[in-house]
Amino acid sequence: MSLTDLTLFEATKAVVKGEVTSLDLVESTLNRIDAVDPKLNAFIRVEADTARSEAAEIDQARAAGKNLGPLAGVPLAHKDMYYRAGGLTTCGSKIRKDFRPTVTSTALARLKTDGAVYLGGLNMAEFAFGPTGHNEHFGACRNPWDPSRITGGSSSGSGSATAARMTFGALGSDTGGSIRLPAGLCGIVGMKPTQTRVSRFGVMGLSFSLDNVGPLTRTVLDNALMLASIAGYDPEDPTSATVPVDDYVGAAQSPSCNGIRIGVARGYFEKDADAAALTARDEALAAFKSAGAIIVETDAGNLDDVKAINALSALTMGPEAATLHAHWLKTCRDDYGAQMRARCEPGFQYSGVDYLSALQLRPKIVEEFIQRVFSDCDFLLAPTFNVETPTIEETDVLDHQGFEAVIARISQCTRPFNYLTLPGLALPTPSLVAGMPGSIQLVGPPFSEARIYQAAAAYEVEAGYTERSPDL
Amino acid sequence: MSQSSEEPFPGYVYSSEAAKRADNIQSAGRKAIFKFAEGSLFDTEPALVDKIMAKNVEAHK
């Protein structure tokens, strides 16, 4: 067994016990990247020297008898939009290909404080604006289960690299599904936390009302470990929540679904779904039931309501993204990829009144949704995606006619929950679907991440997906 | 100088396709606003969503 087959939790425990060094983990990971990444294009940049240097610091600290953090010695690579002072951060773009920020993101700083080692920047949709995993500047990222198929996006490299064991976990970001989709399509675990749960300081923005920072990992416990490191109020991001952070790791280590009511989200979430995706969803429901959960019906998928929520989400995202990109669209328009530019431009045209109306309505809609849905169940369960995993070729639509429909179809099941602020954990389904992973998302009320992890950990035992890995 | 809807800032012209996409999204958005607003948007503001989220921490323990 290679060291890269260890989970993040197992790897850090091995470092703490002195069974392996952090440098061992780094060298194994670098060898894995050399062997596998040419097939997948998950890395924009491998920072081997940084990783070796930070690993040596951890190994010296251990040798000196110092206390090591909960992520001690584990190499992690991240979506290439997390700033490190003085380090390259491309944001998946040509425009920022040489960008060296002067600040370090709070998320990366907290991971480092807890002992994680920085391994490099991962492929992503240009400026995090795309759900497929295509990138016109760095090339498409490929799915380790079938390199001809998409990874999902926008955190494409985070999904691909983690599933392919080139990193023990990765940060992504999620504005409409960008953590959950690549986690789902690549067969791993991905958490979009509650809006504002994680600081966004030093993280490239796309739409500040909808952006979230979160981890992609191979197991629920690994995910809890990473979120525990990065969650919590940050004075550098005054929008970050002051709500106390629960014990995510303890929850993931106490798996339980007993008596938990899982509400099935139908309607909108089943609309035009491939039969195989719903079969996979039903297998997941059976696994939850075996773990002790009670399956109930909900009207969370009311078609008209969810479509309207998506429309408000689009009204919110458009002007926010257009505002961030206005300067570059003015000064270096041709440096954008065609799809990124095409998706940004409409945002200039929405009226200010409509944009603000979408935001003013949000508290009311969120409150009504929570009261209506979570009075009947503890968590919602919906597919993460409800299509057969498309090929890279068939979704390489750039800004061609109909490209919006391709994008909307892939992100159909994830988009509504960003406007609703709710946490959602993407989890692999028990069986592969025609050789590819299926995925469901478990969605809870605001700040219910610990309870989600506890239920998901019980599901994970039943579902057994941690036993499989792509053959590369 | 006034700007047309095809010129979000001086010297920048975008495609008619972008204008069409914007019209479609804005039209759907306006229907959604009408559906949910039920009258006036007085007595609310975007930041209230934080209060709603925090309130549910206790309610769903």
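Here the structure is a predicted model, which means the values were calculated and not measured.

Draft legend 1. Expanded view of the overall build of chain A. The number of helices and strands found in chain A is 15 helices and 11 strands. Looking at chain A residue by residue over its 472 residues, the buried ones come to 66%. For chain A, long-range pairs separated by at least 24 residues make up 79% of all intrachain contacts whose partners lie at least 6 apart in sequence. Counting only carbon and sulfur atoms, one obtains 50% of the accessible surface of chain A, whose full area is about 15,300 Å². Looking at chain A, you have 41 positive and 55 negative side-chain charges, and the mean spots of the two groups are 2 Å apart.

Draft legend 2. The sheet that holds strand β1 (residues 43-46) of chain A, seen in detail. Residues and elements named next belong to chain A. Taken in spatial order, the three strands of this open sheet run β1-β3-β2, and their pairing is mixed. Taken across any chain shown, the strands that pair with only one partner, and hence form the sheet edges, are β1 and β2 (75-79). Each strand axis lies, on average, 35 degrees off the axis of its neighbour in the sheet, ignoring direction. Across three bridges, the pairing between β1 and strand β3 (residues 117-122) is antiparallel. Note that in β3 the partner of R45 across the bridge is G121.

Draft legend 3. Looking closely at the interface of chain B and chain A. Opposite the 37 residues of chain B that make contact, chain A presents 45 residues. Across the interface of chain B and chain A, roughly 3,500 Å² is buried in total on both sides, 65% from carbon and sulfur atoms. Run the count over chain B and chain A and you get four salt bridges. Inspection of the chain B/chain A interface yields eight residue pairs in polar contact (both at pLDDT 80 or more). When contributions to the side of chain B that touches chain A are tallied by element, the ones reaching two or more residues are α1 (16-37) and α2 (48-59) of chain B. The element contributing the most residues to the side of chain B that touches chain A is α1(B), with 14 residues.

Draft legend 4. Local environment of a negative patch on the surface. A surface patch of like charges, here negative, comprises E136(A), E388(A), E393(A), E394(A), D396(A), D399(A) and E17(B). Mapped onto the elements of the fold, D396(A) is located in the loop between β9 (379-383) and α13 (403-410). By relative accessible area, D396(A) is classed as partly exposed at 43%.

Draft legend 5. Local environment of helix α9 (residues 275-290) of chain A. Residue and element names in this part refer to chain A. Given a rise of 1.5 Å per residue, 16 residues ought to cover 22 Å, and the 23 Å separating the end C-alpha atoms of α9 matches this to within 8%. Contact partners of the buried residues in α9: β7 (261-264), β8 (294-297), β9, β10 (424-433), β11 (436-443) and α15 (449-463). Immediately downstream of α9, the backbone of G292 shows phi near 110 degrees, a positive value.

Draft legend 6. Up close: the side chain of T175(A). Residues and elements named next belong to chain A. With respect to the helices and strands, T175 occurs in the loop between β4 (170-173) and α6 (180-186). Since its relative accessible area comes to 5%, T175 is described here as buried. There is a polar contact of 2.6 Å between the side chain of T175 and the side chain of D211. Beyond its immediate chain neighbours, meaning those up to four positions away, T175 contacts L206, S207, L210, D211, M317 and N418.

Draft legend 7. The arrangement of the packing of helix α4 (residues 106-113) of chain A against helix α7 (residues 220-230) of chain A in detail. Residues and elements named next belong to chain A. Contact pair α4 / α7: the axes reach a minimum separation of 8 Å and the direction vectors enclose 115 degrees. Relative to α7, the element α4 lies roughly perpendicular. Crossing of α4 over α7 shows right-handed handedness. Across the interface between the two elements, A107, R110 and L111 of α4 pack against M226, S229 and I230 of α7. Classifying every residue of the contact of α4 with α7 gives four nonpolar, one polar and one charged.

Cut-offs and rules
- Here the residue numbering is sequential within each chain, running from 1 through the sequence in written order.
- Written order decides the labels, with chains lettered from A and ligands numbered from 1.
- Where totals are concerned, whole chains, interfaces and linings use all residues; where local detail is concerned, this predicted model gives features only for residues with pLDDT of at least 70, and gives and counts side-chain atom pairs only at 80 or more.
- Computation of side-chain values: all heavy atoms of the structure, hydrogens and water removed.
- The numbering of helices and of strands both runs from the N terminus, where a helix is a DSSP run of H or I of at least 4 residues and a strand a run of E of at least 2.
- Only protein chains enter the area calculation, which uses a 1.4 Å probe; residues under 20% of their type maximum are buried, those over 50% are exposed, and those in between are partly exposed.
- Any two residues whose heavy atoms approach within 4.5 Å at even a single point are treated as in contact.
- Using a 1.4 Å probe, the Shrake-Rupley method yields the accessible areas, and only the shown protein chains count as cover for residues.
- Charge counting treats Lys and Arg as positive and Asp and Glu as negative, with His and both chain ends excluded.
- Charge positions are represented by NZ for Lys, CZ for Arg, CG for Asp and CD for Glu.
- Strands are treated as partners if at least two bridges between them are detected by DSSP.
- Angles shown run from 0 to 180 degrees and are taken between the N-to-C directions of axes, each axis being a line fitted to C-alpha atoms and, for helices, limited to the stretch in contact.
- Two parts placed together each lose some accessible area under a 1.4 Å probe, and adding up what both lose gives the buried area.
- Criterion for a salt bridge: a side-chain nitrogen of Lys or Arg within 4 Å of a carboxyl oxygen of Asp or Glu.
- Polar contact is the term for a pair of N or O atoms within 3.5 Å; when the atoms are in protein, one must be able to donate a hydrogen and the other to accept it, and sequence-neighboring residues count only if both atoms are side-chain atoms.
- Only residues whose relative accessible area exceeds 30% and that take part in no salt bridge are eligible for patches, with like-charged residues grouped when within 9 Å of each other and nonpolar side chains (Val, Leu, Ile, Met, Phe, Trp, Tyr) grouped when within 5 Å.
- Expected span, for any helix, means 1.5 Å times one less than how many residues it has.
- Roughly parallel refers to an angle under 35 degrees, roughly antiparallel to one over 145, roughly perpendicular to one between 65 and 115, and oblique to any angle outside these ranges.
- Take the far helix as the reference: if the near one is turned anticlockwise from it by less than a right angle, the crossing is left-handed, and if turned clockwise, right-handed.
- Nonpolar residues are Ala, Val, Leu, Ile, Met, Phe, Trp, Tyr, Cys and Pro. Charged residues are Asp, Glu, Lys and Arg, and all others, Gly as well, are polar.

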